[in-house]
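This is what each chain is made of:
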Amino acid sequence: MAQIGIYEKALPKDISWKERFELAKELGFSFIEMSIDETDERLARLDWSNETISQLRDDMFETGVRINSICLSGHRRFPFGSSNRDKQQKAKEMMTKAIQFAHKLSIKVIQIAGYDVYYEEKSMLSREAFIEGLKSSVKTASEYGVILSIEIMDDPFMNSITKFLEIKKQIHSPYLQVYPDLGNLSAWPENNPGVELEKGIDCITSIHLKDTYPVTTKSAGQFRDVPFGQGCVDFLGLLKNLKRLEYDGTFLIEMWSEKSPDFKKEIETAKEYLYPKLKEAGYDVVA
């Protein structure tokens, strides 16, 4: 049975975690991917008390819906590759807190955004600082048995599995892996998404399901809020590719409908598009 989850930001923002778990269960999902983004509100989760964390664990067990992974995008604000040493240090501290936080919640995968820097100019120094910070973080993650999985991004720094593998050559650890986003892989014209998945299959921890508009000579593309089926992703072809490669990991539907009054309808529409393709590709799913 394919394990399919939903991104936290697809669900209403101002509800309790127990309500969020119950809602995910109602919608037929096995898990939620938690967001720890660059906002103060979500970064504060890394400082939750043991009592708050314990209650969250109780809610997971009671509802039967787990947090399978954390999307740690706070490094957009505090990147490893920053020229500002204080931001570099903050990035490392954030990563250590996230690893310890994941350990307390029995979360095994932290998705890291594949940016050396986001709001600053890129350089060889930003790349070197990114690798240094990542190497230190992987060492800490290995001590807790937590996997750091780099997402293939909407940014040239890490827009292919090939580029991830170049970084992995510098850091030899089973605790550093890759988290492909089928939309991001497909949007870049230099990528052959099927070949990219074949190259990285031994390192893939999970798959993001998202559609995108492509990057062209006339367009920067669009990497979120593209209705499924209207973008450039060949979902059936890539899912068949993954099945042939014997990928049996989790799938995560990535959406940003947390402020939409019709979020349930939007999620069901996404399922109506994706689930038949998962089934045709050979994955056993429950609609």
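See the structure printed just above.
Here, residues in each chain are numbered from 1, in the same order as that chain's written sequence. Only residues with pLDDT of at least 70 get local features here, since the model is predicted, and only at 80 or more are side-chain atom pairs given and counted; chain-wide, interface and lining totals rely on the full set of residues. To get the side-chain values, all heavy atoms of the structure are used, and hydrogens and water are removed first.

Turning our attention to the side chain of Asn 68. Inspection of the secondary structure assignment puts Asn 68 in strand S3 (residues 66–72). In terms of polar contacts, Asn 68 uses its side chain to reach the side chain of Arg 66, at 3.1 Å. In this text, helices come from DSSP runs of H or I with a minimum length of four residues, and strands from runs of E with a minimum of two, each type numbered from the N-terminal end. Any pair of N or O atoms that falls within 3.5 Å is considered a polar contact. Within protein, one atom must be able to donate a hydrogen and the other to accept it, and sequence-neighbouring residues count only if both atoms are side-chain atoms.

With that out of the way, let us pick up the packing of aromatic side chains. Any pair of Phe, Tyr and Trp rings, taking the six-membered ring for Trp, is counted once the centres come within 6.5 Å. Such a pair is stacked with planes under 30 degrees apart, edge-to-face with planes over 60 apart, and tilted for the rest. With the rule as written, the count across this model stands at 13 aromatic pairs. With a centroid separation of 5.8 Å and an interplanar angle of 35°, the aromatic rings of Trp 188 and Phe 223 are classed as tilted. Of the two residues, Trp 188 is situated in the loop between helix H7 (182–187) and helix H8 (193–200) and Phe 223 in strand S9 (residues 222–226); the sequence distance between them amounts to 35 residues. The buried label goes to any residue with under 20% of its type's maximum accessible area, the exposed label to any with over 50%, and the partly exposed label to all in between, with areas taken from a 1.4 Å probe on protein chains only. Classification of Trp 188 by relative accessible area gives buried; the value is 10%. A relative accessible area of 12% means that Phe 223 is categorised as buried. One aromatic cluster is present, built from ring pairs that chain together Phe 80, Phe 130 and Phe 157. Two limits define a charge over a ring: the Lys NZ or Arg CZ must be within 6 Å of the ring centre, and within 35 degrees of the ring normal. It is Lys 243 that lies over the ring of Tyr 283; its NZ or CZ is 4.6 Å from the centre. Residue placement shows Lys 277 over the ring face of Tyr 273; its charged tip is 4.1 Å from the ring centre.

Spatially, 8 strands are ordered S6-S5-S4-S3-S2-S1-S10-S7 in an open sheet, and the strand pairing comes out parallel. Here the strands that pair on one side only, and so sit at the sheet edges, are strand S6 (176–179) and strand S7 (206–209). Each adjacent strand pair in this sheet contributes to an overall mean axis angle of 30°, direction not counted. A pair of strands is labelled paired if DSSP reports no fewer than 2 bridges between them. Pairing of S3 with strand S4 (residues 109–113) involves 4 bridges; the strand directions are parallel. Looking at the pairing, Ser 69 lines up with Val 109 of S4. To obtain an axis, a line is fitted to C-alpha atoms, over the contacting stretch when the element is a helix, and the angle between two such axes runs from 0 to 180 degrees between their N-to-C directions.

To continue, consider helix H3 (residues 50–63). Because the α-helix completes a turn every 3.6 residues, residues three or four places apart line up on one side. Under the convention used throughout, the expected extent of a helix is 1.5 Å for every residue step, that is, one less than its residue count. The end-to-end C-alpha distance of H3, which contains 14 residues, comes to 20 Å, matching closely the 20 Å that a straight helix rising 1.5 Å per residue would cover. One or two steps after H3, the chain reaches Gly 64, where phi turns positive at roughly 80°.

Turning next to the layout of surface pockets. One way to see where empty space is left: roll a probe the size of a water molecule over the atoms. A pocket here means an open set of points on a 1 Å grid, computed over the protein atoms alone, that has protein on both sides within 12 Å along at least five of seven lines. A cavity is instead a set of points where a 1.4 Å probe fits but cannot get out; residues with an atom within 4 Å of a point line either one. Grid points are joined across faces, edges and corners, and a volume is the space filled by probe spheres set on the points. Taken as a whole, the largest pocket encloses approximately 400 Å³ of empty space. Along the walls of the largest pocket sit 20 residues, with Ser 73, Arg 76, Tyr 115, Arg 224 and Trp 256 positioned nearest its centre. Of all elements in the fold, only S4 and S9 reach the threshold of two or more residues within the lining of the largest pocket. Split by residue class, the lining of the largest pocket holds 7 nonpolar, 4 polar and 9 charged. In this structure, the second largest pocket encloses a volume near 340 Å³. Every residue lining the second largest pocket is counted, 15 residues in all, and those nearest its centre are Val 226, Pro 227, Phe 228, Met 255 and Glu 266. Looking at the lining of the second largest pocket, the elements that each hand over two or more residues are S9 and helix H10 (263–281). For the lining of the second largest pocket, the leading source of residues is H10, giving 4 residues. The class makeup of the residues in the lining of the second largest pocket is 7 nonpolar, 3 polar and 5 charged. Throughout this entry, Asp, Glu, Lys and Arg are counted as charged residues, while Ala, Val, Leu, Ile, Met, Phe, Trp, Tyr, Cys and Pro are counted as nonpolar. The remaining residues, Gly among them, count as polar.

Now for the packing of helix H4 (residues 85–104) against helix H5 (residues 124–144). Two elements in contact, H4 and H5, have axes whose closest approach is 10 Å; the angle formed by their N-to-C orientations is 20°. Relative to H5, the element H4 is oriented roughly parallel. In this structure, H4 crosses over H5, and the sense of that crossing is right-handed. Note on element contacts: H5 touches H4 through Ala 129, Glu 132, Gly 133, Ser 137, Thr 140, Ala 141 and Tyr 144, opposite Gln 88, Lys 92, Met 95, Thr 96, Ile 99, Gln 100 and His 103. Split into classes, the residues belonging to the contact of H4 with H5 amount to 5 nonpolar, 7 polar and 2 charged. Any angle from 65 to 115 degrees is called roughly perpendicular, while one under 35 is roughly parallel, one over 145 is roughly antiparallel, and all others are oblique. The hand of a helix crossing depends on one turn: near helix anticlockwise from the far one by less than a right angle means left-handed, and clockwise means right-handed. Two residues form a contact once any of their heavy atoms are found within 4.5 Å.

Moving on: the environment of Ile 6. With respect to the helices, strands and loops of the structure, Ile 6 is situated in strand S1 (residues 4–7). For the pair Ile 6 and Met 34, spaced 28 residues apart in sequence, the C-alpha separation works out to 9.2 Å. Those residues within four positions of Ile 6 in sequence are excluded, and the remaining contacts are Leu 11, Ala 24, Phe 29, Phe 31, Ile 32, Glu 33, Leu 252, Ile 253 and Ile 267.

Put simply, buried Ala, Val, Leu, Ile, Met, Phe, Trp, Tyr and Cys residues joined by side-chain atoms within 4.5 Å make one nonpolar core. Judged by nonpolar contacts, the single largest core of 80 residues is most densely connected at Phe 251 and Ile 253. With residues up to four places along the chain from it excluded, the contact list for Phe 251 reads Gln 3, Ile 4, Gly 5, Phe 31, Ser 206, Ile 207, Leu 209, Leu 239, Leu 242, Leu 278 and Tyr 283. Formed by 5 residues, the second largest nonpolar core is a distinct cluster that contains Phe 31, Cys 71, Tyr 179 and Leu 252.

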